[in-house]
Amino acid sequence: MMAEIQHPLPNASWETRGYWEGAGRGEIVLQRCRSCGTVQHKPRGVCATCLSGDIEHFVASGRGTVYTFTVTNQNMAKGFAEACPYVMAYVTLEEGPRVLTNIVGCDPDTVIIGMKVTADFATQERDDGEAFAVPRFTPV
Ligand SMILES: [Zn+2]
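Below is a summary of the structure that appears in this document. (Residues numbered from 1 in each chain as written. Predicted model: local features only at pLDDT ≥ 70, side-chain atom pairs only at ≥ 80, totals over all residues.)

Another point: the overall build of the chain. When its secondary structure is counted, the chain shows one helix and eight strands. A compact globule built from 140 residues should have a C-alpha radius of gyration of about 14 Å, and the chain, at 16 Å, falls within 12% of that. Along the first, second and third principal axes, the C-alpha set of the chain runs to 45 × 40 × 25 Å. For the chain, the residues scored as buried account for 23% of the 140 residues in total. (Helix = DSSP H or I, 4+ residues; strand = E, 2+ residues; numbered from the N terminus. Rg over C-alpha atoms; globule rule 2.2 N^0.38 Å. Buried ≥ 20, exposed ≤ 12 C-beta atoms within 10 Å, placed from the backbone.)

Right, here's the structure in full:
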């Protein structure tokens, strides 16, 4: 069993706090524009389509499909070196947005484009009272 990636601890801005807090609860939280219906990620203060500031957050399904991926076999950065080989992927969420993430819980050689995946969350100790997590995905 390979080591898990030790991600840098997320910091929340006013735009991203809803996303990180949702991840801390084990939820993928996305934004929807109340004016035009666009679902967007990354979190922003305005709609990327129509520039409306009338944005709501909602809990997404956590389900998606591998759009593309690469297997990282060498990374000297602390927290990542121990986890090689690991899978970096773009996952297209059921709600539309595409997220850069990791695929975990399987042999990297078994990951394929089009694979159905579901969200999973990596939590780490932190000393500032925040309860954030880093979303990643596992095969269904
Ligand atoms: Zn909009």
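Before going further, it helps to examine the environment of Gln 74. Along the chain, Gln 74 falls in the loop between strand S4 (63–72) and strand S5 (86–93). Residue classification places Gln 74 among the exposed residues on the basis of 8 C-beta atoms within 10 Å. In this structure the C-alpha to C-alpha distance between Gln 74 and Thr 92, which are 18 residues apart in sequence, comes to 26 Å.

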